[in-house]
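# A closer look at the structure
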Amino acid sequence: MADVYARLAELGLQIPPVVPPVAAYVPAVQTGNHVYVSGQLPIVDGALLATGLVGADVSPEEAKELARRSAVNVLAAVEALVGLGRVAKAVKIVGFVASAPGFTGQPAVVNGASELFGEVFGEAGKHARSAVGVSALPLNAPVEIEAILELA
C-alpha cells in the first residue's frame, strides 16, 4: 500500500485532532489486529457542521459531504489510537443517515465516506458496508459513520 501520509498530502487533507466523545465511550479501540471506530459525526473544531433530516433539512449532496467529513473524523480516531500508517485494510463501514420520511438515498449519502476511504487507502480502502436510514442521530446530526479497520 502507498504511504497513507503522502496520499493525504496529495489530497490536501489534514487529519484533525480526534473528536472528543459526546457520551460514555471511547473514539476507537484496538483488539488484535483490528480497530473498531465509534460512530463519528461531522464535527469540525467542536461544532456540528449541520443538523436535521436528510431529504428535508439537509440535501443529499450536502449530506454526502458531511459523510465524508465524518470519515475524516474516523481517520482522526485511528491516527490518535494507532497511527494511520498501520492500516492494512478498511474492512467495514456503517453509515447512519437521519432520514426524512420517504427518503431512500442513504447509499448515495454514505458514498461520501466510502469514496474517501478509496481515495486515501486505494485498493485497501474497498470495504463491506451498510447504509442505514434512521429517524434521528445524536445532537440532531444528519449522518454518522463508524468503521472497522485491519492493521498490518
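Criteria and cut-off values
- Numbering of residues starts from 1 in every chain and runs along the sequence as written.
- The predicted nature of this model means local features are confined to residues of pLDDT at least 70 and side-chain atom pairs, given and counted, to a pLDDT of 80 or more, with totals for whole chains, interfaces and linings taken over all residues.
- Only hydrogens and water are set aside; all other atoms, that is, all heavy atoms of the structure, feed into the side-chain values.
- Each salt bridge in this description consists of a side-chain nitrogen of Lys or Arg and a carboxyl oxygen of Asp or Glu lying within 4 Å of one another.
- A run of H or I in DSSP becomes a helix once it reaches four residues, and a run of E becomes a strand once it reaches two; helices and strands are each numbered from the N terminus.
- Each residue's exposure class comes from its accessible area (1.4 Å probe, protein chains only) as a fraction of the maximum for that residue type: buried when under 20%, exposed when over 50%, partly exposed otherwise.
- For Phe, Tyr and Trp, rings pair up if their centres lie within 6.5 Å, where Trp contributes its six-membered ring, and each pair is then called stacked (planes under 30 degrees apart), edge-to-face (over 60) or tilted (otherwise).
- Strands are treated as partners if at least two bridges between them are detected by DSSP.
- Fitting a line to C-alpha atoms yields each axis, with helices limited to the stretch in contact; the angle taken between N-to-C directions then spans 0 to 180 degrees.
- We call two residues in contact whenever any of their non-hydrogen atoms come within 4.5 Å of each other.
- By definition, no residue in a patch forms a salt bridge, and every one has over 30% relative accessible area; like charges are joined within 9 Å, nonpolar side chains (Val, Leu, Ile, Met, Phe, Trp, Tyr) within 5 Å.
- Where accessible areas are quoted, they stem from the Shrake-Rupley method and a 1.4 Å probe; at the residue level, only the protein chains shown are allowed to cover.
- In this scheme, roughly parallel covers angles under 35 degrees and roughly antiparallel covers those over 145, while 65 to 115 is roughly perpendicular and the rest are oblique.
- Take the far helix as your reference; a near helix turned counterclockwise from it by less than a right angle gives a left-handed crossing, and one turned clockwise gives a right-handed crossing.

## Some words on the pattern of salt bridges
Two side chains with opposite charge may pair up if their charged atoms get near one another. Scanning the model with the defined rule gives four salt bridges in all. As a salt-bridge pair, Arg7 and Glu10 come within 2.7 Å of each other at their nearest N and O atoms. With Arg7 and Glu10 both in helix α1 (residues 4-11) and three residues apart, this pair spans about one turn of that helix. Overall, the relative accessible area of 60% leaves Glu10 in the exposed class. Among the ionic pairs, Lys126 bridges to Glu123, the shortest N-O distance being 3.0 Å. We note that Lys126, like Glu123, is exposed.

## Notes on the packing of aromatic side chains
Scanning the model with the defined rule gives one aromatic pair in all. With a centroid separation of 5.8 Å and 50 degrees between ring planes, the pair formed by Phe117 and Phe121 is classed as tilted. Of the two residues, Phe117 and Phe121 both sit in helix α3 (residues 106-121), four residues apart, roughly one turn of that helix. The exposure class assigned to Phe117 is buried, which follows from its relative accessible area of 1%. Its relative accessible area of 3% is what places Phe121 among the buried residues.

## A few points about the sheet that holds strand β1 (residues 28-31)
Strand order in this open sheet of five strands is β1-β2-β7-β5-β6, and the pairing throughout is mixed. At either margin of the open sheet sits one strand with a lone partner, and together these are β1 and β6 (128-134). On average, each strand axis in the sheet is tilted by 15 degrees relative to the strand beside it, whichever way the strands run. Here seven bridges tie strand β5 (residues 87-98) to β6, and the two strands are oriented parallel to one another. For Phe96, the partnering residue across the bridge sits in β6 and is Val132. With respect to the sheet, helix α2 (residues 60-81) is in contact with β1, β2 (34-40), β5 and β7 (143-151), its orientation differing from that of β7 by roughly 40 degrees. The strands touched by α3 within the sheet are β5, β6 and β7, with β6 carrying the most contacts at an inclination of about 150 degrees.

## As for a nonpolar patch on the surface
On the surface, a cluster of nonpolar side chains totalling about 270 Å² of accessible area is made up of Val22, Tyr25 and Leu139. In this structure, Val22 sits in the loop between α1 and β1.

## Some thoughts on the packing of α2 against α3
Running from N to C, α2 and α3 point in directions that differ by 45 degrees, and their axes come no closer than 7 Å. When the interaxial angle is binned, α2 and α3 end up oblique. Between α2 and α3 lies a crossing of right-handed hand. The segment α2 lies against α3, with Pro60, Ala63, Lys64, Ala67, Arg68, Ala71, Val72, Val74 and Leu75 engaging Ala108, Val109, Val110, Asn111, Gly112, Ala113, Glu115, Leu116, Phe117, Glu119, Val120 and Phe121.

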